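Structural description and commentary
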Amino acid sequence: MLSRTLLTFSFVAIATPFVIASSSVEQAREARMRFEAMDRNSDGVITREEWQGSARSFQVHDWNGDGRLSGNEVRAGGQREEEEVEGADHAPGRAERYASWTAAGFTRLDHNRDGRLTSNEWHYDMETYRRIDRNRDDAVSRSEFLAGDDAEWDDDRGDNFDDLDVNNNGRVERGEWHGSAPSFTWLDKNGDGVLSRFEVVGAQTSQDSYDQFAGLDYDRSGTIARDEWHWSANSFTQRDTNRDGMLSRREFDAAGGAPATGTSGAAAAGSQAVRVNAQQRWTDGMIDVRAGDTLTFSSTGSITMSEDSGDTAAPAGSTRGRRAPDAPVLNQLAGGLIMRIDEYGPIFIGNRTTITAPVSGRIYLGVNDDHLADNRGEFTVTVNVRGRTAR
């Protein structure tokens, strides 16, 4: 009897440390949170005052819009609730950032069901597409798509380059990066300890046009089927005026395209004068447009892009004809006037006076330079909008 008691006691003494250790590991794993270094009071919640990134970046991560980051928003590998992002009407196209990083989300995008997403199946911003294509084979596999659930491989796919480059110096330092160290190292192709725009975004050309209808018509049938539509059933039905279960280009155009954020159904019209600060990446143009609207620009002013007083630019671009190696639009002159519409762009405006809005949304203006901190001066730009004629 004594020996049995001793034996039992001996077993407990050995087993207890194992249980405690396992429990500690589980608690540590559960306690891990994104942006933990910003949580100064260690309450598991990150307020706007604690946030060390840009305002836009905070909005990207504040999924429920309550002005603080908590719960799934800060959990390593956390995801939005499926119902928050599916079936909602939202601004479409190469501008928007995808949000539903789930197996169901992958299946919805994989139109031909081949287990990979090619660029014509991806209807969202191309910066995110390039970032999640880890093996750079111009296609996104299911495992690459779902890698956002992996806390060790947090590629911060919610933020784009301009969100992260808080000091506008044309690069993202390790302290500005919100993802994991392995993903930072993977993006840092030249190993210099900072991320250039090219490493994060790739070579961007001016995105002057975008055929929204063609981008959604995956099978190139000339119509958009319900399973090619990435918004609510109600918005599809409203556009399907002949009730044949398909959207023709005429029906699509007559409704103003796909659902958009911040613009009304009426044709836009108006004028706005904007002072474009050369040290600020994007200046709010304070005017909304619809795809197809005619935008007219009248631009004046001059900026200096470095300590060299002769390194100047007009809205058309550098007076010396130089280019900036890591500017938002690589194939155009440094310092020239650029625009984006919500997240669509960049579009090089330069000395052009008129363009047609490729998508619907809010206008933002900036200068085509990589390092903004040493810039001086501003452009004054008057934007006139003439609404398209309804068809």
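Everything numeric in this text was worked out from a predicted model, so none of it was measured.

Before going further, it helps to examine the pairing of strand E15 (residues 344-348). Of all five residues in E15, five are buried, a share of seventy percent or more. Judged from the three bridges that link them, strand E14 (residues 337-341) and E15 form a sheet pairing that is antiparallel. Residue pairing for E15: Ile-341 is matched across the bridge by Tyr-344. Joining the antiparallel neighbours E14 and E15 is a turn of two residues, in which Asp-342 adopts a positive phi near 50°.

To continue, consider the sheet that holds E15. One open sheet holds the four strands; their spatial order is E10-E17-E14-E15, and the pairing between them is antiparallel. Edge positions in the sheet fall to strand E10 (283-289) and E15, since each of these pairs with one other strand and no more. Sheet twist, expressed as the mean angle between neighbouring strand axes with direction ignored, is 25°. Pairing analysis gives five bridges linking E14 to strand E17 (residues 361-367), with the strands arranged antiparallel. Opposite Leu-337, over in E17, you have Val-367 as the bridge partner.

This brings us to unusual backbone geometry. Look at the link from Gly-345 to Pro-346: it is a cis peptide, with omega at 10°. Within the fold, Pro-346 resides in strand E15. Not every positive phi belongs to a glycine, and Asn-168 is a case in point at roughly 55°. By secondary structure assignment, the location of Asn-168 is in the loop between helix H7 (161-164) and strand E5 (171-173). Overall, the relative accessible area of 16% leaves Asn-168 in the buried class. Positive phi, normally seen in glycine, also occurs at Arg-220, with a value near 55°. Looking at where Arg-220 falls in the secondary structure, it is placed in the loop between helix H10 (212-216) and strand E7 (223-225). Overall, the relative accessible area of 52% leaves Arg-220 in the exposed class.

Here we come to the nonpolar core. Ranked by size, the top nonpolar core spans 31 residues in total, and within it Val-276, Leu-295, Phe-297, Met-339, Ile-363, Leu-365 and Val-381 carry the most contacts. For this core, the secondary-structure elements that each account for two or more residues are strand E9 (269-277), E10, strand E11 (294-304), E14, E15, E17 and strand E18 (376-386). With four residues, the top contributor of residues to this core is E18. Core analysis: the second largest hydrophobic core is formed by 12 residues, Phe-161, Leu-164, Phe-184 and Val-201 among them.

Conventions adopted
Residues numbered from 1 in each chain as written. Predicted model: local features only at pLDDT ≥ 70, side-chain atom pairs only at ≥ 80, totals over all residues. Heavy atoms only, no water. Buried < 20%, exposed > 50% of the residue type's maximum accessible area, 1.4 Å probe, protein only. Helix = DSSP H or I, 4+ residues; strand = E, 2+ residues; numbered from the N terminus. Pairing = 2+ DSSP bridges. Axes fitted to C-alpha atoms, helices over the stretch in contact; angles between N-to-C directions. Core = buried A, V, L, I, M, F, W, Y, C linked by side-chain atoms within 4.5 Å.

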